[in-house]
Every structure is written in C-alpha cells, then in structure tokens.
Amino acid sequence: MFENILVAVDGSDSSLHALRQTFPIARAEKSTVKVIAVVPPYEGDLRLVGVRGHVTDVLREPYEKALARANEMADSAGFPVKTVLDVGEPHERIVDVGESNGVDLIVVGVRGRNPTDRILMGSMVSRVIGYSRTHVMVCPRDNEVTLERILIAMDGSESAMEALHLGFNFFWEYGSELSILAVADVPSHLYGVSPVAAEALIQKARAHLAGAEREARSRAVPAHFLLREGEPFEIIIHEARKASTGLIIMGSHGRTGLKRLLLGSVTERVIGDAQCPVLVART
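Let us look at the structure shown here. Owing to the predicted nature of the structure, the values given are computational and were not obtained by experimental measurement. (Residues numbered from 1 in each chain as written. Predicted model: local features only at pLDDT ≥ 70, side-chain atom pairs only at ≥ 80, totals over all residues. Heavy atoms only, no water.)

**Remarks on helix α6 (residues 158–174)**
Look at α6: 24 Å from first C-alpha to last across 17 residues, which is about the 24 Å you get at 1.5 Å a residue. Three or more residues of α6 are buried, namely Ser159, Ala160, Ala163, Leu164, Leu166, Gly167, Phe168 and Phe170. Next to the buried residues of α6 lie β5 (135–140), β6 (149–154), β7 (177–184), α8 (195–218), β9 (247–251) and β10 (278–281). Positive backbone phi, at 70 degrees, marks Gly175, one or two positions downstream of α6. (Helix = DSSP H or I, 4+ residues; strand = E, 2+ residues; numbered from the N terminus. Expected span 1.5 Å × (residues − 1). Buried < 20%, exposed > 50% of the residue type's maximum accessible area, 1.4 Å probe, protein only. Contact = heavy atoms within 4.5 Å.)

**A look at the packing of aromatic side chains**
Counting across every chain of the model gives four aromatic pairs. Look at Phe23 and Phe79: their rings are 5.9 Å apart centre to centre, the planes differ by 35 degrees, and that puts the pair in the tilted class. One end of the pair, Phe23, is in helix α1 (residues 13–29); the other, Phe79, is in the loop between α2 (55–77) and β3 (82–87), with 56 residues separating them in the sequence. Take Phe23: its relative accessible area is 4%, and that puts it in the buried class. Of the residues examined, Phe79 reaches a relative accessible area of 9% and is grouped as buried. When the centroid spacing of 6.1 Å and the interplanar angle of 55 degrees are considered together, the rings of Phe168 and Trp172 count as tilted. Here the residue Phe168 and the residue Trp172 both occupy positions in helix α6, the gap between them amounting to four residues, near one helical turn. Counting every residue linked through ring pairs, the aromatic cluster contains Phe2, Phe170 and Tyr174. (Phe/Tyr/Trp six-rings, centres within 6.5 Å; stacked < 30°, edge-to-face > 60°.)

**A short note on the nonpolar core**
In this structure, Val9, Met137, Ile152, Ile249 and Leu279 are the most contacted members of the largest nonpolar core, which totals 54 residues. Non-local contacts of Val9, meaning those with residues more than four positions away in its chain, are made with Ser15, Leu16, Leu19, Val35, Ile36, Ala37, Ala66 and Leu67. Membership of the second largest hydrophobic core comes to 34 residues, among which are Val103, Val108, Ile235 and Ile237. (Core = buried A, V, L, I, M, F, W, Y, C linked by side-chain atoms within 4.5 Å.)

**Topic: α1**
The end-to-end C-alpha distance of α1 is 25 Å, a good match for the 24 Å that 17 residues give at a rise of 1.5 Å each. Along α1, the largest kink reaches about 25 degrees and is centred on Phe23; proline Pro24 follows within four residues of it. Listed as buried for α1 are Ser14, Ser15, Leu16, His17, Ala18, Leu19, Gln21, Thr22, Phe23, Ile25, Ala26 and Glu29. (Bend = angle between axes of the 7 residues up to and from the residue.)

**Considering the pattern of salt bridges**
Applying the stated rule across the entire model yields eleven salt bridges. For Glu215, the salt bridge identified is with Arg219, shortest N-O distance 3.2 Å. For Arg219, a relative accessible area of 35% corresponds to the partly exposed category. One salt-bridge network, in which partners are shared between bridges, spans Asp86, Arg93 and Asp96. (Salt bridge = Lys/Arg side-chain N within 4 Å of Asp/Glu carboxyl O.)

**With respect to the pairing of β5**
The buried count for β5 comes to six of six residues, which makes it a mostly enclosed element. Neither face of β5 is open: one carries His135, Met137 and Cys139, the other Val136, Val138 and Pro140, and all of them are buried. Both β5 and β10 contribute to a ladder of three bridges, which runs antiparallel. Paired with Val136 across the bridge in β10 is Val280. (Pairing = 2+ DSSP bridges.)

Keep in mind that these numbers describe shape and distance, not what the molecule does.
As structure tokens, then:
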C-alpha cells in the first residue's frame with residue numbers, strides 16, 4: 001500500500017511520536033521513509049530583534065535538531081530514513097515534497113485531545129489534508145497505531161470509497177477486523193417538521209452502506225456493517241471508542257478551497273477528538 005512515506009516533524013513530542021508510529025507500518029510494507037522539517041519564513045518576529053548572528057540560522061536550529069532526533073530514533077529502531085530540511089510555508093512544502101517524491105502516505109502528529117488545541121482553521125495539519133493528493137495519517141500524541149480493528153466511515157463520496165478499498169488492503173495484508181459505518185445525519189427536529197425528509201436521509205445512508213456491503217462481498221472481505229443516526233463526527237468517535245478501534249479510515253472531499261479547511265467539517269472534527277490515529281483517504 002505504502003511504498004514511500006513522508007513524515008513531518010517539528011521537534012514536538014507529537015510529531016516525533018508520529019514518526020515512531022510509522023516504523024512498524026513501514027517495516028511491514030518495506031517502505032522507504034523520508035522525514036521532513038520545514039523552517040517557516042521569517043515574518044519580522046520581534047522576539048528575534050537583536051539576536052546575534054543570522055536570523056535564518058536561529059530559525060533553522062530547532063528544525064535541524066528535530067531531524068537529528070529523528071535520525072537517532074531511526075537508528076534505535078533499526079530503520080533507515082532520509083531527512084530533508086526545507087524552508088517555506090510548512091503545509092506547502094510538505095505537500096510539494098510529497099508529490100515530487102511520489103509519496104503514498106504523509107504522516108503528521110497532533111497535540112493533546114482538545115479539538116481547539118489539536119486542529120484549527122489554517123493549521124498545518126488541516127492544510128496538509130486540504131491540499132494533499134495523497135493519503136494523510138494523523139496520529140494523536142498519546143496513542144499508538146494498531147491494526148487489529150479498523151473503522152471505515154462511509155458517506156457515498158469517491159474518497160469514502162477509497163477509504164473502503166484501503167480498509168480491504170489492511171484486511172488482506174494484516175487480517176484486520178473491519179467495521180463499516182454509515183451515519184444518517186438527521187436533526188432531531190426534522191422528524192416533527194418533515195418525517196419524509198428524515199426518512200430520505202436514512203435511506204441515503206442505508207444506500208451508502210449497502211453499496212459498501214456489495215463491494216465487500218464481491219471481494220470476499222468480511223466486515224461488520226453499522227447504520228446509525230446522529231451527528232456524524234460524534235457517532236464515528238463513539239463507535240470507534242466502543243470497539244477499541246486502532247485506526248479510523250475516512251475520506252475528505254475535494255482538492256482545494258475553504259470548504260476543505262473549515263473548522264467543523266466531519267473529517268476535521270473526528271481528527272480533533274479521536275483517541276486513535278485517523279487515516280484520511282484521497283482519490
């Protein structure tokens with residue numbers, strides 16, 4: 001699945017934890033791993049006024065240390081990595097380096113478990129997801145990637161179908177137990193206002209799930225199929241926690257634009273509150 005993996009580090013515990021989580025998958029997949037640290041452009045930070053030496057050297061230092069630490073971790077894990085230090089807007093350079101190197105997966109880390117702390121409008125993680133053409137795995141700092149149980153969220157989109165196919169690959173390669181979930185986003189008041197509209201939303205989610213079930217059966221992939229009603233991101237998080245899921249796989253719509261980056265989108269809110277890594281599938 002993942003021949004070439006790119007991991008973004010910035011020296012934070014969360015980014016280094018994400019790198020650590022990459023090693024077992026990369027070893028199993030026989031992947032090459034490149035680690036990137038991106039020095040953001042200098043924008044007249046007053047804290048650097050009067051700093052001796054070249055400002056660029058001061059800005060580079062923590063990212064050089066991050067790559068040195070990444071090399072130490074790779075040596076300890078017995079897994080070779082290549083490192084690259086770049087300069088520019090972090091999300092742009094991560095995506096560009098990924099595309100120019102034929103990367104199959106980008107791995108990033110997020111801090112904490114508070115949605116406000118973990119992923120905000122305009123954050124690096126949000127923008128990497130928003131602009132990348134390849135799959136992105138987001139790892140929370142306190143949890144490890146495990147592949148015994150995987151939850152796949154279906155919404156009828158092309159990227160959700162890609163998420164489904166990724167799930168199939170995990171089953172074939174690792175014997176993962178798959179749960180496939182479709183959520184009918186029916187506001188509670190809609191039953192009183194328009195029962196017909198509420199039922200139409202349920203039928204739409206049921207059709208998405210039925211399509212996933214047909215696809216699974218055609219490929220002889222066993223799975224649990226779940227249809228639920230409610231706020232999609234809340235249901236996804238609830239079902240993942242209830243089943244002790246080790247990985248959530250879901251899609252993300254589109255390629256560019258503010259719609260992709262708005263705080264509150266289902267994908268972003270799942271990432272913001274998930275206790276396990278989230279793999280965002282791209283078509």
